[in-house]
Amino acid sequence: MSFDVQDENNRTKTTERHKRAWLIPTMLGIVLGAVVVAAILPSLIRNGILPYQIVLPEAAYQGNKAGDTNMSSLLQPISVDISTQLTDIIDDVAPAVVGVENVPATSIFSDETPNQSATGSGVIYKVNNEKAYIVTNHHVVDGAADIEVILADDRRLTATLLGSDLFMDLAVLEVEASNIDHVMTLGDSEQVKVGEPAIAIGNPLGLDLSGSVTQGIISGKQRAIPQDFNQDGRADWQAEVIQTDAAINPGNSGGALVNMQGQLIGINSMKIAQSAVEGIGFAIPIDVAMPVVDQLEKHGSVSRAFLGVEAYSLEDVAQAEWERSLHLPQEVTGGIYLQSVEPMSPASSAGLEVYDVITALDGKPIMNIIDLRKHLYQQKQPGDKMVLTLYRDGKKQEVTVELSEQQP
């Protein structure tokens, strides 16, 4: 037993000697390595040998002469230019985004309970002769007795409402052009790609935060969002919008959604404000908005064809339901189904029924609700006839509808 203890002690002493044997050379190696790095690093930087780039002021190179290993000579103040493409874009386009104040008829100085002024945003999109034109949202100016536009430099201009459209949530204002120095450049929302950067500019939560800028990406395009204007539980309209995660809050309505070329690609409109939902904002695509804006500017209202159905895209329904519930044949790859048919409408007069599936308009295939809206509002006028190709209980048929005019 004593032999075992002595043997163990011998092994312990041997291990300690081995540790001391490698510890000293290791420490010496670390010290020598640090000295060598300190000596040659300036030369590596100066000759660009490092696999990465370190930018130093010229004074650092001059202070580090041959044989000088004093690294303090490299620690000189560096001037950094933080200007980026983003700040350049904002400098160019932000002055074309204005505040819009909806002034109620009741004065704050009257004995009646005053209505609080509503505020939003707008975009200067055109200057013609002595007038400048601003697009904003319908709900921003709805019911206004007077409207004032607040420029980026805080000047206030009295605005005239040329026209407003409930369905597209758009309105056009006119102001004197003598005070306008910036106009927004229009982009092409059809060319927008999911994932590309986007900038939202407006006045969130009121004029105290005017000119606020948020950045995000395009989260989706050609989204169809049902809207119930009269709160009867049925969708009166489906808005085609661009989805973005750039923060859009109350007061941003009517502001600009801009791409990285500084071009206007959308008019910020609505925000899904639910406690469980964050980072989802919407803008009206500029390609969809401008035909409406032109009509509002020239005529004060929008004339559009009316069918009279509440419809949804087949792509929103599980494909198992296509055959099981709608009885569609295999050759059907897209279209819309009718959720309801408005009484006394052109669709009702033509005999359309709930759960009819429309796959073509005037012989042109449609894949979703966006295709229906584009054909109906860009190709048709009130009084025109339209041929619908549809499936009812799995049977294909054609129905001709005479369109009427949509009422506000």
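The coordinates are above.
The model shown is predicted, which means the values in this text are computed figures rather than measured ones.

Undergrad: Sorry, what's going on with the packing of aromatic side chains here?
TA: Remark: the centre distance and the inter-plane angle together describe each pair of aromatic rings, the angle taken between the planes. Taken as a whole and assessed by the stated rule, the structure comprises two aromatic pairs. Residues Y125 and Y133 carry aromatic rings whose centres are separated by 6.4 Å and whose planes lie at 45° to one another, so their mutual orientation is tilted. Of the residues examined, Y125 reaches a relative accessible area of 8% and is grouped as buried. Against the face of Y133 rests K126, its NZ or CZ located 5.0 Å from the ring centre. Taking NZ or CZ as reference, R304 lies 5.8 Å from the ring centre of Y377, over its face.

Undergrad: For this particular structure, what's the right way to read the layout of surface pockets?
TA: A probe matching the size of a water molecule, rolled over the atoms, marks out where space remains unfilled. In this model, the second largest pocket occupies a volume close to 310 Å³. Surrounding the second largest pocket, 18 residues form its lining, V288, P291, V292, Y377 and Q378 being those nearest its centre. Take the lining of the second largest pocket: its biggest share by element is five residues, from helix α5 (residues 286-299). Class assignment for the residues of the lining of the second largest pocket results in eight nonpolar, four polar and six charged.

Undergrad: Just checking my understanding: could you explain the pairing of strand β20 (residues 395-402) for this structure?
TA: Of the pairings in the sheet, the one linking strand β19 (residues 385-392) to β20 comprises eight bridges and is antiparallel in character. Residue pairing across strands places V387 opposite T400, the latter belonging to β20. Connecting the antiparallel pair β19 and β20 is a turn made up of two residues, with D393 showing a positive phi of about 55°.

Undergrad: How should I be thinking about the nonpolar core in this particular structure?
TA: Note on soluble globular proteins: their nonpolar side chains tend to be buried together. Residues L170 and M184 are the most contacted members of the largest nonpolar core, which totals 33 residues. Sorting elements by how many residues they give to this core places α5 first, with seven residues. Not counting chain neighbours up to four residues away, the residues in contact with M184 comprise V93, A96, V97, V123, I124, Y125, A256, V258, G262 and L264. In this structure, A311, I336, V401 and L403 belong to the second largest nonpolar core, which totals 21 residues.

Undergrad: Is there a simple way to explain the side chain of S269 in this structure?
TA: You can see S269 is positioned in strand β12 (residues 263-271). S269 gets classed as buried once you look at its relative accessible area, which sits at 6%. When sequence neighbours within four positions are dropped, the list of residues in contact with S269 reads N137, H139, D169, S253, F282, A283 and I284.

Undergrad: Help me out: how do you make sense of empty space enclosed by the protein in this one?
TA: Evaluated as defined, the whole model comprises two cavities of 30 Å³ or more. If you go around the largest cavity, you meet 13 residues; those closest to its centre are F167, M168, Q227, A239 and I284. Those elements that place two or more of their residues in the lining of the largest cavity are β10 (237-244) and β12. Partitioning the lining of the largest cavity into residue classes produces eight nonpolar, two polar and three charged.

What counts and what doesn't
- Note that residues are indexed from 1 along each chain, following the sequence as it is written.
- Local features in a predicted model are, by the rule used here, given only for residues with pLDDT of at least 70; side-chain atom pairs are given and counted only at 80 or more, and totals for whole chains, interfaces and linings are based on all residues.
- With hydrogens and water set aside, each side-chain value is computed from the structure's full complement of heavy atoms.
- Only centres within 6.5 Å qualify two rings of Phe, Tyr or Trp (six-membered ring in Trp) as a pair; their planes then separate them into stacked at under 30 degrees, edge-to-face at over 60, and tilted for everything else.
- Think of it in three bands: with a 1.4 Å probe and only protein chains considered, a residue is buried below 20% of the maximum accessible area for its type, exposed above 50%, and partly exposed in between.
- Geometrically, a charge over a ring is one whose NZ (Lys) or CZ (Arg) sits within 6 Å of the ring centre while staying within 35 degrees of the ring normal.
- Lining residues are those with an atom within 4 Å of a point, where the points come from a 1 Å grid over the protein atoms alone and group into cavities, where a 1.4 Å probe fits but cannot get out, or pockets, open sets with protein on both sides within 12 Å along at least five of seven lines.
- Grid points are joined across faces, edges and corners, and a volume is the space filled by probe spheres set on the points.
- Every helix listed is a DSSP run of H or I at least four residues long, and every strand listed is a run of E at least two residues long, numbered separately from the N terminus.
- Three classes are used, and their members are as follows: Ala, Val, Leu, Ile, Met, Phe, Trp, Tyr, Cys and Pro are nonpolar, Asp, Glu, Lys and Arg are charged, and the others, Gly among them, are polar.
- Two strands pair if DSSP finds at least two bridges between them.
- Working definition of a nonpolar core: buried Ala, Val, Leu, Ile, Met, Phe, Trp, Tyr and Cys residues. They are joined through side-chain atoms within 4.5 Å.
- Only heavy atoms enter the contact rule, under which two residues are in contact if any of them lie within 4.5 Å.

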